[in-house]
Each structure stands twice: as structure tokens, then as C-alpha cells.
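Structural overview for review
The chain contents come next:
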Amino acid sequence: SKTQVGFIGLGNMGKPMAKNLLKHGYPVVATDVFPESCKELQELGAQIVDNPAEVADQTDRIVTMLPSSPNVIEVYTGPNGILKKVKKGSLLIDSSTIDPAVSKEMAVAAEKMGAVFMDAPVSGGVGAASSGKLTFMVGGVEEEFTAAQELLTCMGANVVYCGAVGTGQAAKICNNMLLAIGMIGTSETMNLGIRLGLDPKLLAKILNMSSGRCWSSDTYNPVPGVMEGVPSGNNYQGGFGTQLMAKDLGLAQTTATNTKTPVPLGSLAHQIYRMMCARGYAGKDFSSVFQFLREDEDK
Ligand code: NAD
């Protein structure tokens, strides 16, 4: 039988990912700071423990899925962190989207304890997390990739090796900068079409058979009623939070600054998502930029 896998961070993404490990027959030992997030997994047979150190005490393969860099630093190097109890030879896979510089720091800290750290951020959203169809972008020592792949293929359809530690994050940050630009573009386009008298479903259909088609138009349309099973159809609840998108765009800006790379649309997208956070959209799905662009409707 398969040996235990640790999972830390059972939020919108982590919960369905951990469920897929269970489905593939891996016993799961999990924890989350928010006890309510652990309930469902516990009912499905996962063992819930108090903190990351206890997870590390029981397993030698751990996946973390946390909001941002400070949470990852806490979970790895904090007083009850993984590295307090990590076993030699352990494989630590972080699927959160964070600063690649922090991934590199975590890799160094893990190596000091005889463990291996890899960054493996994901693309695909909650739908792909549930159906096990995520794309993983993996950075770290190449010799360890096969071991990581064994677990990641239970949760994803594509597992891509990117290079040294931090390069998975680099790929992810680039993807999300383009995603944000595409979502804002789709939202303003749909809104303009609606105001020109087009039916939004028809407009989406035309875009999706034309050169304007993108993931935000055909898989995650931001206009309520155009598609089923996406956050726009559920008052922008669940999905990928605006606050998380603002974080990823901030990471893109930092890395662009460090490399003196011009990213004008990425900068503008960052500012739009920052403004949304300040205007009460932080907890809504990032496709609510459509709603944000229509605030003038009420005035
Ligand atoms: P989330 O906020 O829903 O979940 C994060 C979970 O981590 C929460 O349950 C929280 O309680 C837990 N947590 C925070 N600090 C902790 C700690 N110290 N110890 C234990 N648990 C802790 O976020 P999410 O939507 O699941 O996203 C997770 C990561 O994946 C983020 O970096 C995000 O950018 C990235 N991501 C999200 C999506 C998406 O569609 N939601 C898609 C791709 C990537």
C-alpha cells in the first residue's frame, strides 16, 4: 500500500487537491490554521493534525498550498514549521504562488536539514483542481523530478519541469500576468458589446470562434449568465480571489523591476486589481473585474 503524504493548506485549491491524493489511494495527513477547512477531508479519511511540524513528523512527502510568501515562510521555518521536525530525505513540494526568491530561501533551509524543496505552482483554477487536471510548473533539482511527478500526476494533467528552484514560480507569475490582462480585456470587451446592444451569450460565442478568444472568454467568462459552473454565475464566490491576483501581479512587478523589464499592461492590471481590493472586491473571484467596470451603472 502507498505511504502517507502530508498536505498543508486546505483552502479553495488545497482541499480538492488533497481529495485527489486520497482518491489515488494515498493516506493523507493534513493541517490548516482554519479548522473548518479540515472537516470535509477528515470525513473522507484524512488524519488531521495540529500544525506543520506534526505533519513532518509523520510523513516524508509533503505538499503545501498556502496563500502567499509570508504563510510559506511561517509553515516551513516558523516555531511549529515543517523544518522543526522534517525527516532526512523528505520531499517538500510547495504549490503556492509566491516570490521565487522565497522559494530559493526555502530550498536552502530545507537542504540544511537534509530535505529537498521544490516549487510547483499550479494553473487551472478550482475546477481543474477538483477534476485533477491542473498544470504544475516545477522548479528544483532535476534528479528529484520523477519523485515529485508521482504525486503531482494524481492532481494534474500536465507536470512540466522548468529548471532550477524558483523557475516554476517564474512560469506561474508570467502566466498570471497574462491571465489578468486577458480577464480585464475580456471584461471591458464584453461590457462594451453589451452596451452596444449585443446579447452577452452571443458575443461570447462569436469571440470564442474568432481571434479574440482566450481562457477568460471561453472557460471562465466574467459575465453572469454566459456560462454555467464559473464564479460569475455564483455572485463571484469561490474561484481565485481578487486579493490573490493582486498578489501575483505584485510579484510580476517585483521581478520585472529586478530584471529591468518593461511590463506596461502588467503594471496597469496590478493597479486595477489593487483598486478593486480597496473597493471591497478582495474576497471575490478575480473575474469580478467585470462588475467593477460596471460600477457606473448604479450612478
Ligand atoms: P485559499 O486562501 O483559499 O487557501 C489557503 C489556505 O491556507 C487556507 O485554508 C488557509 O487557512 C491556509 N493557511 C494559511 N496560513 C496557514 C498556515 N500558517 N498553516 C496552515 N494553513 C494555513 O487560497 P487558494 O485559492 O487555495 O490558493 C492557494 C495558492 O494557490 C495561492 O498562492 C494562489 O495564488 C494559488 N492559486 C490559486 C488558484 C485559484 O484558482 N484559487 C489557482 C492557481 C493558483
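Residues numbered from 1 in each chain as written. Predicted model: local features only at pLDDT ≥ 70, side-chain atom pairs only at ≥ 80, totals over all residues. Heavy atoms only, no water.

1. Quick word on the overall build of the protein
The line we're drawing: For helices the rule is a DSSP run of H or I covering at least 4 residues; for strands it is a run of E covering at least 2, with both sets numbered from the N terminus onward. In this treatment the radius of gyration is a C-alpha quantity, and the globule benchmark scales as 2.2 Å times the residue count to the 0.38 power. A simple rule labels every residue: compare its accessible area, found with a 1.4 Å probe on the protein chains alone, to the largest value its type can have, and call it buried under 20%, exposed over 50%, or partly exposed in between. With residues, only the protein chains shown are counted as cover, and all accessible areas are computed by Shrake-Rupley using a 1.4 Å probe. The charge count treats Lys and Arg as positive and Asp and Glu as negative. His and the chain ends do not count. The atoms used to mark charge sites are NZ of Lys, CZ of Arg, CG of Asp and CD of Glu.
When its secondary structure is counted, the protein shows 14 helices and nine strands. Expected size for 299 residues packed as a compact globule is a radius of gyration near 19 Å; at 20 Å, the protein falls within 12% of this value. Its C-alpha atoms give the protein principal-axis dimensions of roughly 65 × 45 × 35 Å. Burial analysis of the protein (299 residues in total) assigns 51% to the buried set. Surface summary for the protein: the accessible area is close to 13,800 Å², and the carbon and sulfur share equals 55%. Across the protein, the mean location of the 25 positive side-chain charges is 2 Å away from that of the 28 negative side-chain charges.

2. Here we look at the pairing of strand β5 (residues 91-94)
Note the threshold: The criterion for strand pairing is that DSSP finds at least two bridges linking the strands in question. Looking down the strands as they point away from the viewer, one classifies a crossover as right-handed if the path from the first strand across the helix to the second runs clockwise.
By the alternation rule, side chains of β5 split into Leu-91 and Ile-93 and Leu-92 and Asp-94, which are all buried. Sheet topology note: the strand β4 (residues 61-64)/β5 ladder contains four bridges and is parallel. Bridge pairing in β5 links Val-63 to Ile-93. The pairing of β5 with strand β6 (residues 116-119) spans four bridges and is parallel. Within β6, the position partnered with Ile-93 by the bridge is Met-118. Taken together, β5, helix α6 (residues 100-112) and β6 constitute a β-α-β crossover, and its handedness is right-handed.

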